[in-house]
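Architecture at a glance
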Amino acid sequence: MNQLNHANLIQLYAAFESRHDIILVMEYVEGGELFDRIIDENYNLTELDTVLFIRQICEGLQYMHKMYILHLDLKVNLLHPRISYSNITPTLTQLLLTI
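Residues numbered from 1 in each chain as written. Predicted model: local features only at pLDDT ≥ 70, side-chain atom pairs only at ≥ 80, totals over all residues. Heavy atoms only, no water.

**Here's the deal with the pairing of strand S2 (residues 22-26)**
Put simply, the rule is: At least two bridges found by DSSP between two strands is the condition for calling them paired. Secondary structure follows DSSP: runs of H or I at least 4 residues long count as helices, runs of E at least 2 residues long count as strands, and numbering of each begins at the N terminus.
Direction of pairing for strand S1 (residues 12-17) relative to S2: antiparallel, over a ladder of 5 bridges. Its bridge partner being in S2, Ala-14 is matched across the sheet by Val-25. Hairpin connection between S1 and S2: a loop of 4 residues separates the two successive antiparallel strands.

See the structure below:
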């Protein structure tokens, strides 16, 4: 998973396994979950925003699929907005370890 490198995927830097735990060192992304932003009463979600979000999500998934990796637990709370200036880019958290 740490071989994946795409703007719409949260980067996994390292993984450590002990007898009782698995520790993932992942990229820090500010902004919380995209779902929380969408349901915020102060956030005006436009149709264009939705189109851009879905496009970016599909680009991240397409990249994973090209690398023969499936995200088997895709849901809204795994999407995190990467905020740069006024742009919001959703990123997928890679929470599955499939080999």
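**Some words on the side chain of Gln-11**
For clarity, the cut-off: Residue burial is assigned from relative accessible area. The probe radius is 1.4 Å, only protein chains are included, and a residue is buried under 20% of its type maximum, exposed over 50%, and partly exposed in between. The term polar contact refers here to a pair of N or O atoms within 3.5 Å; inside protein, the definition further demands a hydrogen-donor-capable atom paired with an acceptor-capable atom, and it admits residues adjacent in sequence only when both atoms are side-chain atoms. Here, two residues are considered to be in contact whenever any of their heavy atoms come within 4.5 Å of each other.
Position of Gln-11 relative to the elements: it lies in the segment before S1. By relative accessible area, Gln-11 is classed as buried at 14%. A polar atom in the side chain of Gln-11 sits 3.1 Å from the backbone oxygen of Leu-4. Excluding anything up to four places from it in sequence, Gln-11 contacts Asn-2, Leu-4, Asn-5, Val-25, Met-26 and Glu-27.

**Some thoughts on the confidence of the model for the chain**
Where we set the bar: Residue-level confidence of the predictor is what pLDDT reports, using numbers from 0 through 100.
Mean pLDDT for the chain: 77, with 74% of residues reaching 70 or above. Within the chain, S1 carries the highest mean pLDDT (90), whereas strand S3 (residues 79-84) carries the lowest (56). Below a pLDDT of 50 lies the segment residues 94-99, which in the model reaches 19 contacts outside its immediate sequence neighbourhood of four places, other chains included.

**Quick look at a nonpolar patch on the surface**
Quick note on the threshold: For patches, a residue must show more than 30% relative accessible area and have no salt bridge; joins then use 9 Å for like charges and 5 Å for nonpolar side chains, namely Val, Leu, Ile, Met, Phe, Trp and Tyr. Exposure was quantified through the Shrake-Rupley algorithm and a 1.4 Å probe, taking into account, for residues, occlusion by the shown protein chains and nothing else. Each salt bridge in this description consists of a side-chain nitrogen of Lys or Arg and a carboxyl oxygen of Asp or Glu lying within 4 Å of one another.
A surface patch of nonpolar side chains, amounting to about 410 Å² of accessible area, comprises Tyr-13, Phe-16, Ile-23 and Val-25. Looking at the nonpolar patch, the elements that each hand over two or more residues are S1 and S2. One can find Val-25 in strand S2.

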